[in-house]
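Analysis of the macromolecular model
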Amino acid sequence: MPMIFICYPIPAFPGDWGIRDSIIRQEVIPIIGEVAKESGAALIDLYKPLIGASKFFPDTVHPNGTGAGLIAKVVSRKLKQSKKKILRQKKLLTITSISHYEINIGYPLYLL
């Protein structure tokens, strides 16, 4: 059975895009938390680890290479924790590579 992950969004940094951090904290994150709880999906918190990382979001919305690397590290850490849990359940998950922009995951292929 595949494992589903849901991410909390990154913080909203002050800018001209009309994205307000208070909406993310008070409305979006609680809704995502409820969806994860009801669906059994695993949560990846991108909000807390990136508070104060505005310098890595030059347009206040999109990460630069360093910001993308921070996001990848947070996601990678959660996937590795989940990998250990899955392996204990005798299922196989392989993280095949990690770069600043991409995490490749291998799943076993079973032919019936």
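Heads up: the structure comes first, above all this text.
Below is a summary of the structure that appears in this document. (Residues numbered from 1 in each chain as written. Predicted model: local features only at pLDDT ≥ 70, side-chain atom pairs only at ≥ 80, totals over all residues. Heavy atoms only, no water.)

This part takes up the environment of Cys-7. Mapped onto the elements of the fold, Cys-7 is located in strand S1 (residues 5-8). As a C-alpha pair, Cys-7 and Ile-29 span 22 residues in sequence and 9.2 Å in three-dimensional space. Residues contacting Cys-7, with those up to four places away along its chain left out, are Ile-32, Ile-44 and Leu-46. (Helix = DSSP H or I, 4+ residues; strand = E, 2+ residues; numbered from the N terminus. Contact = heavy atoms within 4.5 Å.)

Before going further, it helps to spend a moment on the packing of aromatic side chains. In this structure the tally under the stated criterion is 1 aromatic pair. Relative to Phe-57, the ring of Phe-13 lies with its centre 5.2 Å away and its plane at 40°, an arrangement referred to as tilted. Residue Phe-13 is found in the loop between S1 and helix H1 (21-39), and its partner Phe-57 is found in the loop between strand S2 (42-45) and helix H2 (65-88); the two are separated by 44 residues along the sequence. Under the relative-accessibility criterion, Phe-13 is labelled buried at 9%. On the basis of relative accessible area, Phe-57 is assigned to the buried category, the value being 1%. (Phe/Tyr/Trp six-rings, centres within 6.5 Å; stacked < 30°, edge-to-face > 60°. Buried < 20%, exposed > 50% of the residue type's maximum accessible area, 1.4 Å probe, protein only.)

A few words now on the pattern of salt bridges. In this structure the tally under the stated criterion is 1 salt bridge. The salt bridge partner of Arg-25 is Asp-21, with a shortest N-O separation of 2.7 Å. Linking Arg-25 with Asp-21, this pair stays in helix H1, spanning 4 residues, or about one helical turn. For Arg-25, a relative accessible area of 40% gives the class partly exposed. Note on Asp-21: relative accessible area 17%, which makes it buried. (Salt bridge = Lys/Arg side-chain N within 4 Å of Asp/Glu carboxyl O.)

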